[in-house]
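Topology and contacts: notes
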Amino acid sequence: MFLPAKKILQDALKNGYAVGAFNTSNLETTQAIVNAAAVKKSPLIINISESAIKYAGLLAIISLIKLVAEQGQAKNLPIAIQLDHGKNFDKFPLFIKAGFTSIMIDASRMPYAENASLTKKTVELARKSGVSVQAELGAVPYADEESGFVSWGKIMTDPNLAKKFVEETKVDSLAVAIGNAHGFFKERSDLDFERLRKISKLAKVPLVLHGASDFPADRIKEAIEGGVASFHIDTSLRVAFTEGIREFLAENPAEYDPRLILGYGRQKVQKEIEGKIEIFGSTGKG
Ligand code: G3H
Ligand code: 13P
Ligand code: ZN
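Predicted, not measured: the structure shown is a model, and the values here were computed from it.

Take the site of ligand 1 next. If you check the shell around ligand 1, you find Asn-23, Ser-49, Ser-51, Asp-84, His-85, Tyr-142, His-182, Asp-234 and Arg-238 and nothing else. Separating an oxygen atom of ligand 1 from a side-chain N or O atom of Ser-49 is a distance of 2.6 Å. Residue His-182 places a side-chain N or O atom 3.2 Å away from an oxygen atom belonging to ligand 1. Taking 310 Å² as the accessible area of ligand 1 by itself, protein coverage stands at 71%.

What follows concerns the pairing of strand S5 (residues 132-137). Summarising burial for S5: six of the six residues are buried, a large majority. Burial of the side chains of S5 extends over both faces: Ser-132, Gln-134 and Glu-136 are buried on one face and Val-133, Ala-135 and Leu-137 on the other. For strand S4 (residues 102-105) and S5, the ladder comprises four bridges, and the chain directions are parallel. Pairing of Met-104 across the sheet is with Gln-134, part of S5.

Let us look at helix H4 (residues 58-69). Between its first and last C-alpha, H4 extends 17 Å over 12 residues, near the 16 Å set by a 1.5 Å rise per residue. For H4, the set of buried residues is Leu-58, Ile-61, Ile-62, Leu-64, Ile-65, Val-68 and Ala-69. Mapping the buried residues of H4 onto a view down its axis gives an arc of 160°, with all of them on the same face. Exposed residues pointing more than 90 degrees away from the buried face of H4 are listed as Leu-59 and Leu-67. In the core, the buried residues of H4 are packed alongside helix H2 (27-40), strand S2 (44-49), helix H3 (50-56), strand S3 (79-86) and helix H5 (92-98).

Criteria and cut-off values
- Residues numbered from 1 in each chain as written.
- Chains lettered and ligands numbered in written order.
- Predicted model: local features only at pLDDT ≥ 70, side-chain atom pairs only at ≥ 80, totals over all residues.
- Heavy atoms only, no water.
- Near = heavy atom within 4 Å.
- Polar contact = N/O pair within 3.5 Å; in protein donor to acceptor, adjacent residues only side chain to side chain.
- Areas by Shrake-Rupley, 256 points an atom, 1.4 Å probe, with all protein chains shown as cover.
- Buried < 20%, exposed > 50% of the residue type's maximum accessible area, 1.4 Å probe, protein only.
- Helix = DSSP H or I, 4+ residues; strand = E, 2+ residues; numbered from the N terminus.
- Pairing = 2+ DSSP bridges.
- Expected span 1.5 Å × (residues − 1).
- Arc of directions from axis to C-beta.
- Contact = heavy atoms within 4.5 Å.

Put into structure tokens, the structure is as follows:
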């Protein structure tokens with residue numbers, strides 16, 4: 001059952017759990033995500049980035065998700081198909097038509113006024129089709145892009161600005177920067193939970209944390225208590241998939257059936273996601 005992410009996040013916020021937004025760009029990862037959610041009876045957000053669309057093809061990846069998610073036990077789960085880090089506003093109508101139920105507009109690297117204006121335009125467009133919108137205020141850095149040095153003070157979300165941003169744009173959920181970073185990032189290991197709680201109190205929308213692959217369980221719990229309703233996870237799935245394949249090939253160097261090789265990677269990704277779902281507390285909420 002495909003729904004806008006807004007519905008899924010509102011229930012999560014109300015009931016004190018969070019929903020994983022897991023990135024995919026291929027068959028095996030998609031199956032692993034959907035199977036894990038089915039095993040755990042969990043609501044689900046499936047993330048597709050613009051570079052994943054470029055890799056797989058828009059209709060190919062959307063149709064694949066729809067077919068996989070409409071099969072078997074996943075059929076009745078609340079599932080959102082979300083554009084992750086959307087930067088090309090001109091393509092949003094095409095993406096919505098193809099079947100995305102949620103759009104993340106990422107104008108976080110632009111000045112406040114441009115970010116707010118693009119987000120507002122996206123909300124107005126999305127509302128016409130019942131699609132929900134996530135935006136980002138502050139900037140969540142990337143491990144490879146920032147080469148280890150980040151001016152955290154400059155990029156973290158300002159709670160008062162977050163309130164203004166949500167009021168101006170009417171966005172449904174907000175990705176915030178409180179010391180989190182994409183990828184396995186070692187420079188900063190703490191998160192500014194006080195800032196998070198302030199943002200939540202003032203902005204009054206479900207909050208989203210990107211770069212959550214390497215968060216330990218105690219951080220996840222504190223973040224949920226601070227108003228986070230969704231965590232974006234990509235790197236740890238890539239690592240599980242690739243390490244699984246490396247392990248399989250090391251043990252079976254003569255194997256050349258891609259189904260066995262990729263199938264082993266798929267199993268590893270599914271286990272990784274099942275573990276995340278348990279920590280997020282969304283087991284049985286679907
Ligand atoms: O936060 C970004 C996501 O991990 C997507 O990455 O653009 O390489 O698909 P990607
Ligand atoms: P990680 O790759 O750090 O898990 O972050 C994923 C993400 O934020 C996708 O939007
Ligand atoms: Zn992200």
